[in-house]
Each structure stands twice: as C-alpha cells, then as structure tokens.
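# Residue-level structural notes
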Amino acid sequence: MAEAIPPTSPTPVAELLGTSGAPPDNLGGSTVNVGSNPGDLQAKMAAGADPSLALTAAGAHRGNTYICPVGVTYTPVTFPATTGAGWTCIKSNGALPSGTRVTASGAQMFKVQSVGVAAPNTARALTFAANARGYRVIGLEATHPDATDQFGLIDFASTAGRLLFERSYLHPHAAQTFMARVGMVFGSDVQVWDSWLEAWALGQDAQALFFRATTRVHLENNELRATGENIMLGDQDSAAAAVDVTIKRSHFFKPLVWRRALVSGAPNPSWDGKNWVIKNLFEIKWGHRVRLEGNVLENNWPGQGQDGTAVLCNCGIGTSGQIVDARDVMWRSNVVKNAPSMFTVSNAGAAPARLAYLNNLGLNIGGWFVFFNHAGMADLWLEHNTVVPEDGVAEIVAGGNRAAILWSSDTGWPRQTIRRNVLWHSAFGLFWDGHANMTTAQAAAAVPDRDWRENALLNAIGASAVTGFAFHSTHAAAGVDATSGVLSPTSPLKNAGSDGKDLGVDFTALIAAQQGIVAPRPSAPVTRLLSATWEP
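Computed from a predicted structure; not experimentally measured.

## Some thoughts on the overall build of the chain
Each helix and strand counted, the chain has five helices and 42 strands in total. Relative to the globule expectation of 24 Å for 536 residues, the C-alpha radius of gyration of the chain, 24 Å, shows essentially globular dimensions. Per-residue burial over the chain gives 58% buried out of 536 residues. The contacts of the chain with a sequence gap of at least 6 include a subset with a gap of at least 24, amounting to 77%. Surface accessibility of the chain: about 18300 Å² in total, with carbon and sulfur atoms responsible for 55%. In the chain, 38 side chains carry a positive charge and 42 a negative one; their mean positions are 5 Å apart.

As structure tokens, this is what we get:
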C-alpha cells in the first residue's frame, strides 16, 4: 500500500540575517533621535544629502536607526522606494524585550495614526510604496483616530518587500465597527514577530492579515484576532498564490463577546450586541508551501457566517479561470480549541495535494477531525493526532455530521497515510459518500493505495471493523483523558506505535513547539497548556 508523498517545506524568508531571522542591530549607519512633532517621522523617511535622512540621494539605505519617543503620535508615514540591499530601522525608545509578545496596551510604543475622519475607507497609517524595501519597525502602535469606517490600516505595494514588524500593536480604533484588515499584503519577504494584530468589520469578512500573491512570509509569536478569517492566504481574485508561508507559535483567537448565541441557542450574556460576520481561524484558498507549527487556534462557532470549522482549505477556480489551490501544506503540533470541527478541505475544481496533519491536538471539538470534501485530492497524510470532543454525545451543530474523518465520495483518493491517531468515533466514525461506519472492503475500493494502521477510534460501540483502526468502547477503556487527550500510565495506547511512541499526540513535541505561547514559557504543565473554556 502506498504512502502519501510528504509536502515540500517552505523556503525561508530571503536576505534576512541573524539567528532570529532579522537584520543585525548595527545597520552601519547613524542613530537618529526623532522629534516629538507629528510630522517628524515622515520628514526623516526621505532621500537627500542630509545624513539624518533615511536614504541617499540615489535612494539607497544609509543604515540609520531612528529612535521614536514613547507616547508620541505621528501623522501617517509613507516609506519610499529604495535601491540596494540595505536596511532602515524605526524603533521605540521603550523597554520592549525581544521574544516577548506585546499586549493590547500600546505601552512603551510610539504611535502612528491615520487621518481618519477626512477620508472614509481610504485613510492609512502606513504606506509602503512601490519598491519600498528593507524597513524594520519595532515598538509601533498603529491605529485610526476615530470611528470612521476604513478598509485597512497599512498599504503594501505589490513590489514592496523585506519588511519586518516586531513588538508592535496594530489595531482598529475602539469605536470603529469597520476596519476590514490590518493589511492586504503583496510583495515578498515579510515578517511579523512578537506582535498583536486585530481587525473587525460589520457586514464583511475581516482579517488580521490577508496575503495575496505574496512570496516568503514568516509570522511568529503573534496574537492574531479577526471577526472573519484571522489569517487568509489568497482568493479567487488573486493574481498568484501566496507561496512559502510559515506561521509559528502564534495565538489565533476570537473573543467570545463576538458570539451571538450559546450552543443551546440561548443568548450569549457577554455578547457585545454587534452582528459580526464570523468565518474561521485560518483559511487557504491559494497557497503553496505553507507550514503552521506550534500555534493555538481558539474559539470558533457556527451561525454567523460559516459552519464553525476552525481551519479551511477552500480551493476552486478563480474569477479569471486560474487554478486556485493548496499544495504542500503542513499543520504540525498545533492545538485547536473550542470549535464544531477542526479541518475541512474542499476541491471545487482545483484539487489540493500533499497535505500533512501531524501531531495536532483538538480539544472541545464538536464534530470531525478532518472532512475531505470532493474527491481528487492526492497525498493526504494524518499521523499522531488526538481529538477529544465537546461532550462525546450532544450535537454542537444541528444536523452536523459527527464523525472522526469524512470523505465526500467513495472513489478518487490517491495515496493516503493515516497512522497512529486517536480520534473520537462519535456517531458515524469513518464516514464516506453519505454512509456511516466504513468497512474494510469499502475502504479498499475508495482508497486502494493507502497506508492506514495503528489508529484508535474511541467510544465506538457497534461499529464496523476497519483494518488499521482499533475500536475502543469508551475513552476510559483506552486510558484517554476526555478533557486533555493525555494517556493514563496504564493506557493500552502507550508505546503502541511501531515507531516506538504513544498513539496520538506526542505531548513533549507539542509543548516544545508551543514554547512562548502560554506563560510560563519554559515548563508549562500539560493541564495548564491545554485548559479549555467554551462558554463565556
């Protein structure tokens, strides 16, 4: 039986130096103190003979570092086109240690603010012009000054690149009900570290960041919040895929104040009263060579825009007839908490391929681990995942399919590897082509070139036997904690893999991948790392 072909890893962000993936602190130029007048920062981002300016007369970086006083608010800044491979750094003089994610306070930062009320839906705090390359921004708070509707906060030209944000807080004004995204990112070599980004919008999808035709992206240790898709890669109107994207150690989160109703249908007492469009926590429409590793994706729900699935690959045909697909994608050592289902992959005329789901933990999950919607997807790899349910019995989505894995048709699944997973059987177990409880004969017909082995299906009573899946009548009998997914010392699943590991999640590897997300960083106990609260 054939194993799936593994995905190809993303190419790292180019031209960025040092162990943190950042340029060196000493850029070779001068340290320049920026004044406290609103226009002082923009005045320095210019070309000319004056050595205090960022660029030479020819447009090359001088390697200057600009120190901005904490608490000063500057008018909008446009970063001009550059030549050569140098850098300019703009940073706060506040105490913001590297490697520590900032909070939503703006403390120890300088601020750049748009001119909002004068230009609805067009005002921006920052603009990276065509060919603006080599800018590093540290300790920035960027926002709008009032409740005026705005599409975004930062503009990125399609030829901008080598842009790095660190320890920054990028967000709407508290009174706004429409800021659709922090930015739609084009260009190449874009990084965001240790930052807090959020966006919300009534009547439209909103994203913290939307990557369109972007090449080489690295996001690490960020708080990412949005009412729509927290992060979005590509869409049907994109000119090209988002390629070489890495997102690590970040927290994708939807606050429960955005949720209109509880699971029971009763009003949510903490709802903020606004009918937000709620979509998902992460979505790929058009993305190649993508890796999500060591993240926590928390809180999603149905009834306000989608079915509540946490992570989507939603592929199809673009508006210009282009193939909009997902290829070479790896989800590894992530925790997904509080959602009706974990992963859905759709093929509406553009088949995804080489997708890997490795060492992920689902907590408080109402339905499926993964739903493969439409045949034709090749090289699907699921290994060492654990999913525990929201209660093991009751529906979280009325009429939803409560199953471990779903396939939408009975043929057309080349090369699948499904090994050493611990999944809740729920009502329908392995659900294919509208039929519950797949048998071994049906599996052989649907997926002839498969490698299925050493999997455990829990709470499976009266289900059909399938080669490669051991059925356990209860989670207690399998020694699996129904809240955390942790195995008991006497669990028959311990050391049961032919690779020498426990079945399900390798918690040591999971916690190591997630260092930096949950305090304290070095040795967060499993119970604290995996605590989950669904209702407010």
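## With respect to the pairing of strand S41 (residues 455–458)
Covered by surrounding structure in S41 are Asn455 and Leu457 together with Ala456 and Leu458, the residues of both alternating faces. Pairing geometry for strand S38 (residues 422–424) and S41, over three bridges, is parallel. Each bridged residue has a counterpart across the sheet, and for Val422 the counterpart in S41 is Ala456.

## Comments concerning unusual backbone geometry
Look at Asp189: it is not a glycine, yet its phi comes out positive at around 55°. Looking at where Asp189 falls in the secondary structure, it is placed in strand S15 (residues 188–193). On the accessibility criterion, Asp189 (0% relative accessible area) is buried. Of note in the backbone geometry, Asn359 takes a positive phi value of approximately 60° without being a glycine. Note on placement: Asn359 falls in the loop between strand S31 (353–358) and strand S32 (361–365).

## A few points about the pattern of salt bridges
Counted by the stated rule, this structure contains 29 salt bridges. For Arg101, the salt bridge identified is with Glu223, shortest N-O distance 3.5 Å. Of this pair, Arg101 sits in the loop between strand S5 (88–92) and strand S6 (110–113) while Glu223 sits in strand S19 (residues 223–226), placing them 122 residues apart in sequence. For the residue pair Arg101 and Glu223, the accessibility class agrees, reading buried in each case. The salt bridge partner of Arg420 is Glu383, with a shortest N-O separation of 2.4 Å. Of the two residues, Arg420 is situated in the loop between strand S37 (416–419) and S38 and Glu383 in strand S34 (residues 378–383); the sequence distance between them amounts to 37 residues. Per residue, the accessibility class of Arg420 equals that of Glu383, and both read buried. The network of salt bridges with shared partners includes Glu3, Glu383, Arg419, Arg420, Asp451, Arg453, Glu454 and Asp499.

## Some details on the nonpolar core
Taken as a class, soluble globular proteins show a tendency for nonpolar side chains to be buried jointly. The biggest cluster of nonpolar side chains holds 99 residues, and the ones touching the most others in it are Ile231, Phe282, Trp331 and Phe372. When residues no more than four places from it in sequence are discounted, the contact partners of Phe372 are Val345, Tyr357, Met377, Leu380, Leu382, Ile405, Leu406, Trp407, Ser408 and Trp413. Counting residues in hydrophobic clusters, the runner-up holds 17 residues, among them Val388, Ala456, Val480 and Val505.

## A short note on the environment of Ser250
Along the chain, Ser250 falls in the loop between strand S21 (242–248) and strand S22 (251–253). The sequence separation of Ser250 and Glu223 amounts to 27 residues, and the corresponding C-alpha distance is 6.0 Å.

## Quick word on the environment of Lys501
Mapped onto the elements of the fold, Lys501 is located in the loop between helix H3 (475–478) and helix H4 (507–513). The spacing of Lys501 and Pro23 is 478 residues in sequence and 39 Å in space, taken between C-alpha atoms. If we ignore the near neighbours within four places in the chain, the residues touching Lys501 are His384, Asn495, Ala496 and Asp506.

## What about the environment of Asn495?
With respect to the secondary-structure elements, Asn495 resides in the loop between H3 and H4. The exposure class assigned to Asn495 is exposed, which follows from its relative accessible area of 57%. Dropping the residues within four chain positions of it, Asn495 is found in contact with Gly500, Lys501 and Asp502.

## Topic: the confidence of the model for the chain
When the pLDDT values of the chain are averaged, the result is 88; 90% of them are 70 or greater. Contacts for the low-pLDDT stretch residues 391–400, under 50 throughout, to residues beyond four places or in other chains number 17 contacts. With pLDDT under 50 throughout, residues 517–536 is counted as low confidence; its partners more than four residues away or in other chains account for 55 contacts.

Calculation rules
Residues numbered from 1 in each chain as written. Predicted model: local features only at pLDDT ≥ 70, side-chain atom pairs only at ≥ 80, totals over all residues. Heavy atoms only, no water. Helix = DSSP H or I, 4+ residues; strand = E, 2+ residues; numbered from the N terminus. Rg over C-alpha atoms; globule rule 2.2 N^0.38 Å. Buried < 20%, exposed > 50% of the residue type's maximum accessible area, 1.4 Å probe, protein only. Contact = heavy atoms within 4.5 Å. Areas by Shrake-Rupley, 256 points an atom, 1.4 Å probe, with all protein chains shown as cover. Lys, Arg positive; Asp, Glu negative; His and termini not counted. Charge placed at Lys NZ, Arg CZ, Asp CG, Glu CD. Pairing = 2+ DSSP bridges. Salt bridge = Lys/Arg side-chain N within 4 Å of Asp/Glu carboxyl O. Core = buried A, V, L, I, M, F, W, Y, C linked by side-chain atoms within 4.5 Å. pLDDT = per-residue confidence, 0-100.

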